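Tertiary structure, described
Here's the letter readout for the chains.
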Amino acid sequence: MRFHIEGMTCGGCAGKVVKAIHSVDPHAEVITDPPPGISWQVEGMDCASCVGKIETALARMPGISDIRLNFATEKLELTLAPDSVTQVSDIEKTIKSLGFGVSASASQQTASGIDADHQAVVRHQRWWQTRKGKQVVGLGILMGVAYAMALFFPAYGTWLFAAAVIAGVFPFARKALALAMSGSPFSIETLMSVAALGALFIGEAEEAAAVVFLFSVGELLESVAAGRARAGIRALASLVPKTAVLLDPQGGQREVPAASLRVNDHVLVRPGDRVSADGVIIEGTSSLDESPVTGESIPLAKTTGDGVFAGSINVDGVLQVRVEKTGADNTISRIIQLVEQAQASKAPTARFIEQFSRYYTPAVMAIAALIVLVPPLALGGEWETWLYRGLALLLIACPCALVLSTPAAIASGLAVGTRRGLLVKGGNALETIGRVSIIGFDKTGTLTEGRPRVTDVVAFTQGGEDEVLALAASVESGSNHPLAKAIVSHAESANILIPVASNASATAGKAVHASVAGRALAVGSPVYAAQAATLLPEHHAHIEALQDTGKTVSVLFNEKTQEALGLVALRDEPRRDAKEGVAQLKAMGIRSVMLTGDNRRTGQAIAQHLGIEWEAELLPQDKLRLINEMKQHSKVAMVGDGINDAPALATADVGIAMGGGTDVAMETADAALLNSRVTDVAHLVALSRATMANIHQNVIFALGLKAVFLITTVLGVTGLWVAVLADTGATAIVTLNALRLLRFKGARAAENGRDEGQTVHPLAPVQSR
């Protein structure tokens, strides 16, 4: 029996169909012929609206269907009918006419999910080396010369300003014309062209030049931000090693590309190596640092039968792993796909001017034309008089003040935020942050310091806590394990003399052994200590009490006498300002939720301390699901620092990264807290709300003032010079109003923000599974 299946848009769709069919009939033969399609790399897309412009233009061309343009990867895929009159060259010509670069792209993908051919040709350029950067530098030099000339030779200065306007507006005007011909007549390029040329025609060459220059700067900043975000996605692939040590059935070893690994292959993972593929341990015991995947700061002990993630780091033992998933389907690749899909489907708040221009620009041009034509033709008015009034009306209604004043408020908000260590990647993010009602927090590295610290030392002998700490530090001094480093560091900071250890060794994932002053000592987990030493009931009670507060417990014992000497408890402690930050957000009417990959006991302990809702034992896809559930009824922000947080950061309405986090999290997020303070999240929300209030004031004032002078100009009460004054005056006033944001002081401190004794609970509203 043969079926033809429609609607598949990628290889992943085909894989899902094959898997479903084989679940019913494992012996069914499935032929998956990919749909005929073509792909390109599109360069120059600065924001999500660029995607819409290209898709609108291509949709008008005959024979083109299934258009898929991913802003994050810059990859365009479409289906071209075999008998279509549209040629490949026509598609490329259309894209180039819109002001974007385009180049052919091979359809194959690397194991990491990123186009190999595109990575090979990616060339790092500084901002001043790009086309937009050169345009901004050139306009800046031209305007500087014009201002200097205007001081000594006013006539020549005007001509230089006019030259700057023509040089600067030409690419925008050409793009506006191409967009108009392709179905987007009232784009922001049209708005800017009308504003600049209108001001130039009236004789305000200096103002026109300033409008063009500031808009060019904005376009450049968007381009730089988009390029850095894409670089962050590509950096994800570097987490998976390029090679793996493959074990053949005869026991031999050979190094092979990690991308060539197949299911059921056996690979060797040595201490310090990254795991090359998702799989299951078939031999060996070790501790694995899974922080790149789960965000868990403390390495986990793994042994035969346990699963391992690609990209995790083997700390001490030698492992043999059976590959369970190929490189294209491993954990890191799935994270990459989640980030790309989230960024491609995210609908950022459209820029106010872009939306307003859909009606504002044609309305202004129509009214000005009517003012010039109707009175002379229908009422016998003088052409000169009504042309004068029409030009004045064009200047009054020209959106220069709006175009300048709104970015002025955004620029002031971004400037004061940067000064406080609040880095926001653009006005859209700054606007959305103030509207969120739920903020999700990662635990490790976000609400906590991201590294274990010694919290308790318990002595079971007369030597006291200092002796227990000194002996434990001595045993651990030769280990690179994070818990060992934390114990040694704590002893050193307490100025405790650490004895010299000898004959050091390790039982992978269980304990560290050494001889100290002739005594055979070991520091190990409670499970191992219960097997190798004698733990009394009171010892177990101490251990359980510490573990109930989310702490990791190490037991110091004498291997020869099997006597337990003491306990050292460690925990990734909350940041000092975490409780205050959560309280400030609560006072602002924002609900805080902790989403962590750590175990439930630790998650509950940290949440109880901070007074925050929580959900634990989450993988990246679990965090993504919870974020999507919360987004159904609220605006949601996500705060994180690790690679495992990248999909949730990209999916949330606003992603916020801690400054000490990974590069991928920093680049994926819409904002970053450079000082890594939780209270800065509240400051960021307060800054967003203050900025948006300032913008609303500016817009209302600018439009109100223009409306008044529009009426007086049509009635002949005010003339051209008043129109110039109204336009430039409005711009000056709203810009000065925007500068008030530079005095922003931050969010108010929460009253009774400590909320001592507050009862916390798991994340109830989104816990229906």
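Our subject in this report is the structure included herewith.

Thresholds applied
Residues numbered from 1 in each chain as written. Predicted model: local features only at pLDDT ≥ 70, side-chain atom pairs only at ≥ 80, totals over all residues. Heavy atoms only, no water. Salt bridge = Lys/Arg side-chain N within 4 Å of Asp/Glu carboxyl O. Helix = DSSP H or I, 4+ residues; strand = E, 2+ residues; numbered from the N terminus. Buried < 20%, exposed > 50% of the residue type's maximum accessible area, 1.4 Å probe, protein only. Pairing = 2+ DSSP bridges. Axes fitted to C-alpha atoms, helices over the stretch in contact; angles between N-to-C directions. Contact = heavy atoms within 4.5 Å. Patch = residues over 30% accessible without salt bridge, like charges linked within 9 Å, V, L, I, M, F, W, Y side chains within 5 Å. Areas by Shrake-Rupley, 256 points an atom, 1.4 Å probe, with all protein chains shown as cover.

1. Side note on the pattern of salt bridges
This structure, assessed with the given rule, holds 14 salt bridges. In this structure, the salt-bridge partner of glutamate 77 is lysine 75, at a minimum N-O distance of 3.9 Å. Between arginine 575 and glutamate 449 there is a salt bridge, and its shortest N-O distance comes to 4.0 Å. With arginine 575 in the loop between strand S21 (563-571) and helix H20 (578-587) and glutamate 449 in the loop between helix H15 (443-447) and strand S16 (453-459), the pair connects residues that are 126 residues apart, well separated along the chain. With a relative accessible area of 24%, glutamate 449 lands in the partly exposed category. One salt-bridge network, held together by shared partners, links Arg68, Lys75 and Glu77.

2. Remarks on the sheet that holds strand S20 (residues 552-558)
Where strands meet in a sheet, backbone hydrogen bonds hold them as pairs that are either parallel or antiparallel. On the basis of which strands lie adjacent, the open sheet formed by six strands has the order S16-S21-S20-S19-S18-S17 and antiparallel pairing. The sheet terminates laterally at S16 and strand S17 (501-507), the two strands that pair on one side only. For this sheet, the mean angle separating the axes of adjacent strands, direction not counted, is 20 degrees. Bridging between S17 and strand S18 (residues 511-516) involves five bridges; their strand directions are antiparallel. What sits directly across from serine 505, in S18, is histidine 513. Relative to S21, helix H17 (residues 482-493) is tilted by about 100 degrees, and along the sheet it contacts S16, S20 and S21.

3. Here we look at a nonpolar patch on the surface
Taken together, Trp127, Trp128, Val137, Ile141 and Val145 make up a surface patch of nonpolar side chains, about 480 Å² in accessible area. Its relative accessible area of 35% is what places valine 137 among the partly exposed residues.

4. Looking at the pairing of strand S8 (residues 279-283)
Sheet analysis places S8 next to strand S11 (residues 307-308), joined by two bridges and oriented antiparallel. In the sheet register, valine 280 faces S11, and the bridge partner there is glycine 307. Relative to strand S13 (residues 319-323), S8 runs antiparallel, the two being bridged by four bridges. Looking across to S13, one finds that isoleucine 281 is bridged to valine 321.

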